[in-house]
Amino acid sequence: MTAAMIVRPAGARKKSLQEQRRSPQEPSTATHGYIRSFDGTRLFYSIEGSGPPLIFCYGLVCSSLHWTYQIDYFRKNYQSIWIDYRGHHRSDAPKDLGTLNVETFARDIGAVLDELKIEKAVLLGHSMGVNVILDFYRQQPHRVAGLVLANGTAKRPLETMFHMNLFQGGFKVLTEAYRRAPRLVEAFWKLQKMSPLTRPLVTFGGFNPHLTAREDIDLYIQQVADMDPKIFVHLIENYDSYDATAWLHTVQVPTLIIAGENDHMIPLAQQELLHQLIPNSRLEVVHHGSHCPQMDLPELVNLKIEAFLAAMNY
């Protein structure tokens, strides 16, 4: 089922200039491959390094870019594994677009672990990736050694985004517009990367402009604009209805919660709620951190994750 190759193809994961200055050493080889999930959807995965497995899960219509500094750092002592969700980047879109949801993404992680013969792993999720790995724990708790929850929320994200619920109406308008005029929405979606408003809006919402490399922000905008908007439209409806608050008290594995002090997208109060609901969890607030503190201050976040893994003897 797996088609693997021991090379990193050109452009497989573009590094920012800031990252290149941080890591002057020779890049290591990576194993890339594809599997077929339970419904036949082809999924892309990548492995770097060797050792205990770490599974990195990114956010809504994002990419491995959001974990790139952690993948590069932890590959020295761990298997750094990331997966493109169905409909994202090098994974195929499913035949049934109704499967673009948190529960299915979690099920797909299980399919990849089965293929790689990984019995148990630490899972790291950012933003929507928090919901994905929490649901994987709900589905298969025996396969989770620990959880790292970065800038996520336990429940309906659009209710509290930017400390208000106005975005629920906005996304409903986008969804209805796509149903009525998909080609027009697709054309507008592609124009994001050329609009002078896109960078300041994206930067304000997701990054600390004084800390995150400009090239990383540009690459993120490019990746979002290149994605088919129907993936976003189908996914956002499910994501905004997801609510794990009723069962988070059952989580019984070591859990590190990471929050950005200045996260506008998913405010700090949501990570504090996760901390209250998950027994014996640990909350680390990254001062000056945005919605992406792992990109703003990667060395600091790496050390916090490393200390967490050491404390659990992983």
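Bear in mind the structure is a predicted one, so any value in this text is a computation, not a measurement. (Residues numbered from 1 in each chain as written. Predicted model: local features only at pLDDT ≥ 70, side-chain atom pairs only at ≥ 80, totals over all residues. Heavy atoms only, no water.)

Draft legend 1. Main features of the pairing of strand 3 (residues 53-57). Across the five residues that make up strand 3, a large majority, five, are buried. Here strand 3 shows a buried face lined by P53, I55 and C57 and a second buried face lined by L54 and F56. Looking at chain direction, strand 3 and strand 4 (residues 79-83) are connected through four bridges and run parallel. Residue pairing for strand 4: I55 is matched across the bridge by I81. One ladder, built from four bridges, connects strand 3 with strand 5 (residues 121-126); its direction is parallel. Within the sheet, the bridge partner assigned to I55 lies in strand 5 and is L123. (Buried < 20%, exposed > 50% of the residue type's maximum accessible area, 1.4 Å probe, protein only. Helix = DSSP H or I, 4+ residues; strand = E, 2+ residues; numbered from the N terminus. Pairing = 2+ DSSP bridges.)

Draft legend 2. Region of interest: unusual backbone geometry. A positive phi angle, near 60 degrees, is found at K117, a position not held by glycine. Looking at where K117 falls in the secondary structure, it is placed in the loop between helix 3 (102-115) and strand 5. Residue K117 is classed as exposed on the basis of its relative accessible area, which comes to 72%. Positive phi is not limited to glycine here, since N151 has a value of about 55 degrees. Among the structural elements, N151 can be located in the loop between strand 6 (144-150) and helix 5 (166-180).

Draft legend 3. Spatial organisation of empty space enclosed by the protein. Within the structure shown, the criterion is met by one cavity of 30 Å³ or more. Approximately 30 Å³ is the volume attributed to the largest cavity. The biggest single contributor to the lining of the largest cavity is helix 3, with three residues. A class-by-class count of the residues in the lining of the largest cavity yields five nonpolar, no polar and two charged. (1 Å grid on protein atoms, 1.4 Å probe; cavity = no way out; pocket = protein on both sides within 12 Å on 5 of 7 lines; lining within 4 Å. Points joined across faces, edges and corners; volume = space filled by probe spheres on them. Nonpolar A, V, L, I, M, F, W, Y, C, P; charged D, E, K, R; others polar.)

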